[in-house]
Amino acid sequence: MTPSDLVTCTVEGAVATLTLNRPAKRNALSLEMIRTLDRHLAALPESARVIVLAANGDHFSAGLDLSELGEMSAAEGVFHSRAWYEVFDRLQFGRRPVVALLHGAVVGGGLELAACAHVRVAEHSAYFGLPEGQRGIFLGGGGSVRISKLIGFSRVTEMMLTGRTYNADLAMQVGLVHHCVPDGEGAAKALELAQRIASNAPMSNFAIMHALPLIAEQPMSHGLMTESLVGAITQSAPEAKARMADFLAKRAAKVERS
Ligand code: 1HE
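Remember, predicted model here, so these are calculated numbers, not experimental data. (Residues numbered from 1 in each chain as written. Predicted model: local features only at pLDDT ≥ 70, side-chain atom pairs only at ≥ 80, totals over all residues. Heavy atoms only, no water.)

(A) Structural view of the site of the ligand. For the ligand, the set of nearby residues contains 22 residues, the closest of which are K25, R26, A62, G109 and R135. A62 is positioned with one of its backbone polar atoms (N or O) 2.7 Å from a nitrogen atom of the ligand. Isolated, the ligand exposes 1000 Å² of accessible area, and the fraction of that covered by the protein chains is 65%. Of all the secondary structure elements, the ones that give two or more residues to the shell around the ligand are α3 (109-114) and α4 (132-135). Within the shell around the ligand, the residues separate by chemical class into 10 nonpolar, 6 polar and 6 charged. (Near = heavy atom within 4 Å. Polar contact = N/O pair within 3.5 Å; in protein donor to acceptor, adjacent residues only side chain to side chain. Areas by Shrake-Rupley, 256 points an atom, 1.4 Å probe, with all protein chains shown as cover. Helix = DSSP H or I, 4+ residues; strand = E, 2+ residues; numbered from the N terminus. Nonpolar A, V, L, I, M, F, W, Y, C, P; charged D, E, K, R; others polar.)

(B) Focus on the packing of aromatic side chains. Counted according to the given criterion, the structure contains 1 aromatic pair. Centre to centre, the rings of W84 and F88 are 5.4 Å apart; their planes meet at 50°, and the pair counts as tilted. Of the two residues, W84 and F88 both sit in helix α2 (residues 74-92), 4 residues apart, roughly one turn of that helix. Each member of the pair, W84 together with F88, is buried. (Phe/Tyr/Trp six-rings, centres within 6.5 Å; stacked < 30°, edge-to-face > 60°. Buried < 20%, exposed > 50% of the residue type's maximum accessible area, 1.4 Å probe, protein only.)

(C) Molecular detail of the packing of helix α9 (residues 202-217) against helix α10 (residues 220-235). Packing of α9 against α10 leaves a shortest axis separation of 11 Å and a crossing angle of 175°. When the axes of α9 and α10 are compared, the pair comes out roughly antiparallel. Contacts from M203, S204, A207, A211, L214 and I215 of α9 reach α10 at G223, T226, E227, V230, I233 and T234. In the contact of α9 with α10, the residues fall into 7 nonpolar, 4 polar and 1 charged. (Axes fitted to C-alpha atoms, helices over the stretch in contact; angles between N-to-C directions. Parallel < 35°, antiparallel > 145°, perpendicular 65-115°, else oblique. Contact = heavy atoms within 4.5 Å.)

(D) Examining the packing of helix α1 (residues 31-43) against α2 more closely. The N-to-C vectors of α1 and α2 enclose an angle of 30°; their axes lie 10 Å apart at closest approach. As judged from the angle between their axes, α1 and α2 are roughly parallel. Between α1 and α2 lies a crossing of left-handed hand. Only H80, A83, W84, V87, F88, R90 and L91 of α2 make contact with α1, whose side of the interface consists of L31, I34, L37, D38 and L41. (Left-handed = near helix turned anticlockwise from the far one by under 90°.)

(E) Inspection of the sheet that holds strand β6 (residues 119-123) at higher detail. Reading across from one edge, β1-β2-β3-β4-β6-β9 is the order of the 6 strands in this open sheet, with mixed pairing throughout. Single-partner strands in this sheet number two, and they are β1 (7-12) and β9 (179-181). Taking the axes of each pair of neighbouring strands and ignoring which way they run, one obtains an average angle of 20° across the sheet. One ladder, built from 6 bridges, connects β1 with strand β2 (residues 15-20); its direction is antiparallel. When the sheet's bridge partners are listed, E12 is paired in β2 with V15. The sheet contacts of α1 involve β1, β2 and β3 (50-55), and relative to β1 the element is tilted by about 20°. (Pairing = 2+ DSSP bridges.)

(F) Region of the structure containing the environment of G163. The residue G163 is located in the loop between α6 (153-162) and β8 (166-167) in this model. Taking the relative accessible area as the measure of exposure, G163 reaches 24% and is therefore partly exposed. Remark: the alpha-carbon pair of G163 and L130, spanning 33 residues in sequence, is separated by 6.6 Å. Among residues more than four places away in sequence, those in contact with G163 are Q134 and E158.

(G) Broad picture of α1. Here α1 is 13 residues long and its end C-alpha atoms lie 18 Å apart, about the 18 Å a rise of 1.5 Å per residue gives. For α1, the full list of buried residues reads L31, M33, I34, T36, L37, D38, H40 and L41. Tucked inside the fold, the buried residues of α1 contact β1, β2, β3, α2 and α3. (Expected span 1.5 Å × (residues − 1).)

(H) Representation of the nonpolar core. Formed by 49 residues in total, the largest nonpolar core has its most connected members in F60, L113 and F128. Residues A54, V121, L193 and I197 belong to the second largest nonpolar core, which totals 14 residues. (Core = buried A, V, L, I, M, F, W, Y, C linked by side-chain atoms within 4.5 Å.)

Honestly, that's just the spatial picture; any functional story needs more than this.
Shown next, in the form of structure tokens:
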């Protein structure tokens, strides 16, 4: 397999699908794989407005490629970690919302990668774990921050100390994933969600992706100020004006009961 095959990319309409493609190694994340993901991100056409992040084989990802750690010095370890952060930041704080489609093992660095997505869809086969403690290492792909923000540091602590895994139902209950669907139905669900996201005004999607996490970290007075400023900019876009006019003229879809 050439490095460029480690992650594949297809674009259909507004949705780009990036697929981890190292099934023989359970999509263990080598640095080359992370860099390949980054190259695909950089090369996406303007027409691609939402990303679906999926994986080939029986597992989403077995996490860090453990064969790469052995020879690393402490300094190299820091730079390795920073290299992951750069790519994961571009995924979370880029221009395109990301829908992760999860199945099988979603563990260690694989869960850290999934935590960068904005929407997570799990098939029933998915299970989630942080086996770093068992391997004698620690998180290094931003999980101590991102996963703790999703489910709280107490759960992360218990998962890491005991090696417990969460099945898809439990992951749903604690808010680690947003949707749980039968095996084989994840791709259709992820696509449906991606298309729905792509139909939003781009500036709204940008505000949701970028302002919400910022506001969550701000004290209330700053958060409210950020919200009013970002809200004013978002609603002043011509597309927002057109969409509101459409609704008032009864040309737009109503909110549907779920
Ligand atoms: C790997 C890796 C890997 C599999 N690095 N090579 N992650 C872990 O501790 C999880 C380790 N992996 C597993 O527990 C299992 O592989 C799975 C439960 C995910 C899947 O089991 P299974 O039976 O389907 O596959 P397997 O037989 O264990 O593995 C198939 C091959 O993939 C095998 O190689 P082969 O050459 O003998 O065929 C495995 O060695 C290889 N493989 N997982 C390297 N992770 C930024 S810091 C993040 C820190 C972490 O992510 S720590 C968590 C690491």
